[in-house]
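# Notes for the structure review
So you can see what is in the structure, the chains are spelled out below.
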Amino acid sequence: MSDILMKEMESLTICPLKPAEQSGGDGSFLLVDEQENLQVRDESEFLDSLGCGDVAGVKVLSIFGNTGDGKSHTLNHILFGGKSVFLTSKSPSSCTVGVWAAFNPSLNLVALDTEGLLGAAANQNQRMRLLLKVLAVSDIVVYRTRAERLHNDMFQFLSSASGAYLKHFTPELRALSSRCGLDVPLSCLGPAVIVFQETTHTQLLGYDSKVPGHSDTLLQKRFHELGLGTEAFSSVQYVGTQTIAPPTDYSRLLEAVTQQVRNTHTRSPRQPGIVFRALHALSERFCGELSDEKMTLYSFFPDEYFTCSSVCLSCNIRCKNGMNHLRDRVPHMADGLCQFAHQFNNKVLICKKCYEAGREVIVVPKTSASGDNQWFGLAKYAWSGYVLECASCGVIYRSRQYWMGNQDPESNVVRSEVKHVWEGNDTFLTSHQNAAQRVLDGMNFVIQSVSEYSTGPTKAVTAWLTDQVAPPYWRPNNDITACHGCQKIFVESERKHHCRSCGEGFCHPCSSHRMPVPERGWGSNPVRVCQSCYRQGGPADTNSQVCKVEPRGLIARRVTEVAQSTLDMVSTAVDYPLCFVKEVARPDYWVPDTDITQCHQCSKPFTPVMSKHHCRACGQGVCGPCSTHFKPVPSRGWDHPVRVCDSCHARPEAL
């Protein structure tokens, strides 16, 4: 190092090495530490620390440059008359750690002193991101260099900062402008950059030209030759000084800074509180640890500094949204196609008609349409297979709609797409992967809800199913203990028949007649009636409570009678090992039975004889008393009431 530079360095004062022990100079304070944490609690403390609470408008100047180039020394001389407002040091270690702030009352200028580039410090990624947040709230940026020739690193740094400012900080600054009621959006007003070069032996840029602004033109030409842009900055200006003998002449730099402070054509002074709010908003948005893994090389400000760190579990592509975007209820997104993974089952079906109309509506296989009664839907499932229901178009496909020749849904009504899978976000996964469990629930709910299940599953299910879809004027099977005609007591294996005219329960001999009952909605075809109604030609009292007509219920009953033979499928499912069926059908968001040792609600330990139930909303294992409620869970694909735990049942919002 030359003798001149040694003398210049000797004029600098000593500063401690540890940031925790470092105190500011006369009038400066630590604004942000090296971990990107704001050191002032609120706007009021920020104004008090600066001493500018009664100032109407201020501008912000920040300084950047390599470590050891005298940034703090420069600020002290151009803004504070050489006073040690910002601490300086001749130590080989960096003196400035974090971001320090001070206020110049003569120019109404907030000065921010930053950490040097190329320093040997930990958390380098976070420190670099902090520099850009400082740049984003600045009106004037001074890049200080003592290099004899302008290095490519400076051009790369400024160009990377410009690109990152436009790409990542524009939305946040625009939102802040709206909240603060500014006439001109902050995002449109990039800072003015002043490149301040101090040389000893080398001529300054544009030394041989007397044309005003020629050095600025040469600087921009250098950016262009390197293929780099500075679109975010309102201006890029060159200021140079050649120091053959100390001290350094800062007059031209002070003149350039004063000119930018007084220039209100591109950036006007702001209320001091807005500066704090802008820095606070950027700190809240862009925060958190940054790993060196998967970091873009050869870039001062890679996208990883400012974008979400989540990656797709299936294809390992990174989310392209900004940091903490989930706070704004913006979902994860990624460019490019994903790959299918069996463990995630991330293939979805999209209604083709809606897709061609510019909408994406995902459909999932279900046992019944959302408008079907649960029992009616089960009968239809057994008869015509699973359905695909679009929220806009209704039911668009039934797997067994025709006796033969049913086409695959992807050939005409839906298109398939492989979706990205994000950790903690199972919105589309759960709606697809619990389709099998919904089928099983449909059967088990019929079977296991009947008290006489163990003695005669087929007849018990028939009676129960009949009660659910029967017309309102029919007497429920549970209330029928004896034949309404001959008063014979029904035995367990004996079938109960309903007269389609009066709705009472009879044995087979007392209801063997058939005749049309159009007044009950059964049309002109002959149906089963009792002897009394057959002789009278119709029901004796059509105004009684038991005789109320509901055509929609009759339709359900007619479909059930047509599909009666399909109940054999239900009884077969009973004989099949239920534990195996449940394991195959279990949705991924359910906690496995092997991991459930106690009730998630009451913490009561499960014994071998206790049943473990799953809440269809949260997937946790609960005991019977803690899961007595039934409620639709459309977010999980359950359109009809299903078992939920007490906590989920108490939630006021829709599940």
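Cut-off values and rules
- Note on numbering: residues in each chain are counted from 1, in written sequence order.
- pLDDT decides what is reported in this predicted model: residues at 70 or higher carry local features, side-chain atom pairs at 80 or more are listed and counted, and totals for whole chains, interfaces and linings draw on all residues regardless.
- The side-chain values count all of the structure's non-hydrogen atoms but skip hydrogen atoms and water molecules.
- Strands here mean DSSP runs of E at least two residues long; helices mean DSSP runs of H or I at least four residues long; both are numbered from the N terminus.
- The cut-offs for exposure are 20% and 50% of the maximum accessible area for each residue type, with area from a 1.4 Å probe on protein chains only; residues under the lower value are buried, those over the upper are exposed, and the others partly exposed.
- Contact between two residues is taken to exist if any of their heavy atoms lie within 4.5 Å; hydrogens are not considered.
- For two strands to count as paired, DSSP must find a minimum of two bridges between them.
- Geometry is summarised by axes, namely lines fitted to C-alpha atoms with helices restricted to the contacting stretch, and by angles between N-to-C directions that run from 0 to 180 degrees.
- What counts as a salt bridge is simple: a side-chain nitrogen of Lys or Arg found within 4 Å of a carboxyl oxygen of Asp or Glu.

Glancing now at the environment of H497. Of note, H497 is situated in strand β14 (residues 497-498). H497 gets classed as buried once you look at its relative accessible area, which sits at 11%. Between the C-alpha atoms of H497 and I480, which are 17 residues apart in sequence, the distance is 10.0 Å. Setting aside residues no more than four positions away along its own chain, H497 makes contact with E504, G505, F506, C507, H508, S511 and R528.

The sheet built from 7 strands is open, its strands ordered β1-β3-β4-β2-β5-β6-β7 with mixed pairing. The outermost strands of the open sheet, each flanked by one partner alone, are β1 (29-32) and β7 (235-242). For this sheet the average axis-to-axis angle between neighbouring strands, irrespective of direction, equals 25°. Judged from the 5 bridges that link them, strand β2 (residues 59-65) and strand β4 (residues 109-113) form a sheet pairing that is parallel. In the sheet register, I63 faces β4, and the bridge partner there is D113.

This paragraph deals with the pattern of salt bridges. Summed over all chains, the structure comprises 14 salt bridges. Residue D139 pairs with R270 through a salt bridge whose shortest N-O separation is 2.7 Å. Of this pair, D139 sits in the loop between α4 (124-136) and β5 (140-145) while R270 sits in the loop between α7 (251-262) and α8 (272-285), and the two are 131 residues apart along the sequence. Like D139, the residue R270 is buried in the burial classification. Among the salt bridges present, the one from D335 reaches K320, with a minimum N-O distance of 2.9 Å. In this pair, D335 is assigned in the loop between α8 and β8 (347-351) and K320 in the loop between α8 and β8, connecting sequence segments 15 residues apart. Each of E360, R415, E417 and K419 takes part in salt bridges that share partners, so that together they form one network.

A separate point is the sheet that holds strand β13 (residues 414-418). Judged by pairing direction, the sheet is antiparallel, and its 3 strands sit side by side in the order β9-β8-β13 without closing on themselves. In this open sheet, the two strands that pair with only one neighbour each are β9 (362-363) and β13. Examined bridge by bridge, β8 and β9 share 2 bridges and lie antiparallel to one another. From the neighbouring strand, L349 faces β9, where its bridge partner is V363.

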